[in-house]
Amino acid sequence: MSLKILKTTGTNIDFIKLIKLLDDDLNERYGELQKQYNKHNKADYINDVIIIYKDEIPVACGAFKEHNVEDIELKRIFVKKEYRRQGLSKLIISELEKLGRSKGYKYALLETGIKQHEAINLYKNTGYDIIENFEPYKGNTNSVCMKKKL
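Just so you know, these numbers come straight off a predicted model, no measurement behind them.

A. The sheet that holds strand β4 (residues 71-79), seen in detail. On the basis of which strands lie adjacent, the open sheet formed by seven strands has the order β1-β2-β3-β4-β5-β7-β6 and mixed pairing. Each edge of the sheet is formed by a strand with only one pairing partner; in this case those strands are β1 (3-8) and β6 (129-131). For this sheet, the mean angle separating the axes of adjacent strands, direction not counted, is 30 degrees. Across four bridges, the pairing between β4 and strand β5 (residues 107-113) is parallel. Counterpart to Glu 73 in the pairing with β5 is Leu 109. Sitting on the sheet, helix α2 (residues 88-102) is in contact with β1, β2 (48-54), β3 (57-66), β4 and β7 (143-149), with an inclination near 35 degrees to β3. Strands in contact with helix α3 (residues 117-125) are β4, β5, β6 and β7; relative to β5, the strand with the most contacts, it is inclined by about 160 degrees.

As structure tokens, this is what we get:
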């Protein structure tokens, strides 16, 4: 079994297909509520994307965008259902953090949904702490924001 990590951009067709699956999953979990997040999840402007391929099949992805001069915001982290529990999400996070550090950023921020318990646990297990919600999630009780020093 071969594993390949690709650094690419938000216009990559495999990334677009993977985040469509992510959006389907989020719409299933949150229904109408998910629509308020769609404007924050556009990928065409994202320049820093990681895709993991297993035997040439795109199975996991993640990205970041600049939040400010010191911070990146992790976005669109997803692993196909049949490839979960293999450490791929931790690998995506690690690769994104490494890329962020190499570009001089000091912190990684992220936002996840309150119903995504597996994601919250993943982020806690990789060193993220829950923080007060940052913009544009301030005051949104369905969002959980987290932060980690890179």
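B. Molecular detail of the nonpolar core. Within the largest apolar cluster, 26 residues are counted, with the highest numbers of intra-cluster contacts made by Leu 74, Tyr 123 and Tyr 128. No other element matches α2, which puts five residues into this core. Once residues lying within four places of it in the same chain are set aside, the contact partners of Leu 74 are Ala 63, Phe 64, Ile 93, Leu 96, Ala 108, Leu 109, Leu 110 and Tyr 128. Membership of the second largest hydrophobic core comes to eleven residues, among which are Phe 15, Ile 46, Tyr 53 and Phe 78.

C. Up close: the pairing of β5. In terms of burial, β5 is largely enclosed, as six of its seven residues are buried. Each parallel crossover has a hand, and for β4 linked through α2 to β5 it is right-handed. With seven bridges connecting them, β5 and β7 associate as antiparallel partners. Across the sheet, Thr 112 pairs through a bridge with Val 144, a residue of β7.

D. The side chain of Glu 111, seen in detail. With respect to the helices, strands and loops of the structure, Glu 111 is situated in strand β5. At 2.8 Å, the side chain of Glu 111 forms a polar contact with the side chain of Ser 143.

So, how was this worked out
Residues numbered from 1 in each chain as written. Predicted model: local features only at pLDDT ≥ 70, side-chain atom pairs only at ≥ 80, totals over all residues. Heavy atoms only, no water. Pairing = 2+ DSSP bridges. Helix = DSSP H or I, 4+ residues; strand = E, 2+ residues; numbered from the N terminus. Axes fitted to C-alpha atoms, helices over the stretch in contact; angles between N-to-C directions. Contact = heavy atoms within 4.5 Å. Core = buried A, V, L, I, M, F, W, Y, C linked by side-chain atoms within 4.5 Å. Buried < 20%, exposed > 50% of the residue type's maximum accessible area, 1.4 Å probe, protein only. Right-handed = clockwise from strand over helix to strand, strands pointing away. Polar contact = N/O pair within 3.5 Å; in protein donor to acceptor, adjacent residues only side chain to side chain.

Don't take any of this as a statement about function, it's just geometry.
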